[in-house]
Amino acid sequence: DGSYGEGGGQVLSTSLSLSCIAGKPVKIYNIRSGRAEPGLKLQHLLSAHAAALITDGKLTGAELGSTLLTFYPGPVRPGNYAFDVAFLKSSAGSVGLVFQTIAPPLFFAPERSFIRINGGTHVEWSPPADYIKEVFLPAVSAMGISAVFRNPLVGYYPLGKGEIEAAIEPARTPLAPLRVTERGRLLRITALSAVSNLPVTIAERQLDRVRSRLQRESPILHIEGNLLEAPSKGRGTFVFILAESENIRAGFSALGALGKKAELVADEATDELLRYLKRSGAADRHLSDQILLFMALAEGESVVTVSEVTNHLITNIYVIEKLLPVRFELAGKAGEEGILKVQGIGF
């Protein structure tokens, strides 16, 4: 449905995270069934092995192409960890998926952890590193979550070889509930246009297109633009637009590809932003399913309005309710705005 991640990967990530946190074994079956290449891919496999490593847990079925995985977690162990999506073969698999699998349990560890993950940092169907840093982490910081996040090297498809680093602090527990029903006043829009090992004129065209589109839609909008020649071992380009409001941030991105015009890259990210601005829900369509786990673990009632109810949001609710004694209330149909509520367990 256009959200970050794909169904099988999302179920896997959420299930493994909660399994580590709750100390409950989990069996995941029919993984990515019905796909042209069903079963575990490298980023999914690494997520499972990473979850096992940080808990000294045990896995069965952890093989490429496997459609059945069983995980028995131990206690979460803080520490210094390094992972590479290309640990079996060359891959630009998502580092974001691996981060979102192991970061939640490490937030609940008794001491600080440091993680480094190599692979694809800006690839399809995955939150780019910019989104994790600028949208996801600020959203959960008010709940008691804290991390220092860096992206020293960008990794694109097909080479990968990018890098993210994160210093993860123990959370202030129990987490405070998240209550964001209104965005508040729009403070600023920042557009980042980046290229790696390509002419900077491509980034300039992308940024010019974003500015012209937004000024045409709303001349009073102030757009801050930044050009970046991003360090990378591969070649690629991306646009990331950050909308900062008084109560929440939202992020929208698009990736370049061979033969894809710079203006089209800019249009894809801009279209997503404009769709968000025309609605009133606070959390963007990507953030809404990423904050569910923390809402369920917090103390007291969390309530968030969402700009769009996605299938990923519905799927994540289903998975969390299987592993924790919570019941979400979701008002709104798929594709529409919605209101999300849950009484957290005060973990």
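Up top is the structure these notes are about.
Right, let's walk through the structure included here. (Residues numbered from 1 in each chain as written. Predicted model: local features only at pLDDT ≥ 70, side-chain atom pairs only at ≥ 80, totals over all residues. Heavy atoms only, no water.)

**Details of the sheet that holds strand 7 (residues 162-168)**
At step 1: Read across the open sheet, the four strands follow the order 4-5-7-6; overall the sheet is mixed. Of all strands in the sheet, those bounded by a partner on one side alone are strand 4 (80-84) and strand 6 (147-153). Strand-to-strand, the axes of this sheet are offset by a mean angle of 10°, without reference to chain direction. (Pairing = 2+ DSSP bridges. Helix = DSSP H or I, 4+ residues; strand = E, 2+ residues; numbered from the N terminus. Axes fitted to C-alpha atoms, helices over the stretch in contact; angles between N-to-C directions.)

**Considerations on the packing of aromatic side chains**
At step 1: Per the stated rule, a full pass over the model turns up six aromatic pairs.
At step 2: Ring centres 6.4 Å apart and planes at 70° place the aromatic pair F107 and F294 in the edge-to-face group. Taken together, the positions of F107 in helix 3 (residues 95-107) and F294 in helix 8 (residues 292-297) put the pair 187 residues apart, joining distant regions of the chain. By the burial criterion, F107 is buried, and F294 matches it.
At step 3: Judged by centre distance (5.4 Å) and plane angle (50°), the ring pair of F252 and Y276 falls under tilted. Residue F252 is located in strand 12 (residues 249-255), and its partner Y276 is located in helix 6 (residues 262-277); the two are separated by 24 residues in the primary sequence.
At step 4: What makes F252 buried here is its relative accessible area of 3%.
At step 5: Through a chain of ring-to-ring contacts, three or more aromatic side chains come together here, namely F107, F136 and F294.
At step 6: For the cation-ring pair, R183 lies above Y276, with the distance from its terminal atom to the ring centre recorded as 3.6 Å. (Phe/Tyr/Trp six-rings, centres within 6.5 Å; stacked < 30°, edge-to-face > 60°. Buried < 20%, exposed > 50% of the residue type's maximum accessible area, 1.4 Å probe, protein only. Lys NZ or Arg CZ within 6 Å of the ring centre and 35° of its normal.)

**Some remarks on the nonpolar core**
At step 1: Membership of the largest hydrophobic core comes to 105 residues, with the highest contact counts inside it found for F99, F107, I115, L287, F294, I320 and F328.
At step 2: Aside from chain neighbours lying at most four places away, what touches I115 is Y81, F99, I102, L106, I164, E165, A166 and I168. (Core = buried A, V, L, I, M, F, W, Y, C linked by side-chain atoms within 4.5 Å. Contact = heavy atoms within 4.5 Å.)

**Some points on the packing of helix 5 (residues 200-217) against helix 6**
At step 1: For the pair helix 5 and helix 6, the least separation of the axes is 8 Å and the interaxial angle reads 35°. Viewed along their axes, helix 5 and helix 6 form a crossing whose handedness is right-handed. When helix 5 is examined against helix 6, the residues I202, R205, Q206, R209, V210, R213, L214 and E217 are found in contact with a partner set consisting of A262, E263, V265, A266, D267, T270, D271, L273 and L274.
At step 2: Looking at the contact of helix 5 with helix 6, its residues break down into eight nonpolar, two polar and seven charged. (Left-handed = near helix turned anticlockwise from the far one by under 90°. Nonpolar A, V, L, I, M, F, W, Y, C, P; charged D, E, K, R; others polar.)

**Some words on the environment of I345**
At step 1: Its place among the elements puts I345 in strand 15 (residues 338-345).
At step 2: Owing to a relative accessible area of 32%, I345 belongs among the partly exposed residues under this scheme.
At step 3: When the C-alpha positions of I345 and A82 are compared, they lie 31 Å apart, and in sequence the two are 263 residues distant.
At step 4: Apart from the residues lying within four places of it in its own chain, the contact partners of I345 are A296, L297, A298, L324, P325 and V326.

**Some points on the side chain of H122**
At step 1: Structurally, H122 can be placed in the loop between strand 5 (113-119) and helix 4 (129-141).
At step 2: Taking the relative accessible area as the measure of exposure, H122 reaches 3% and is therefore buried.
At step 3: Among the polar contacts made by the side chain of H122, one reaches the side chain of T121 at a distance of 2.8 Å.
At step 4: Excluding anything up to four places from it in sequence, H122 contacts P128, A129, D130, N151, V154, G155, Y156, Y157, F238 and L255. (Polar contact = N/O pair within 3.5 Å; in protein donor to acceptor, adjacent residues only side chain to side chain.)

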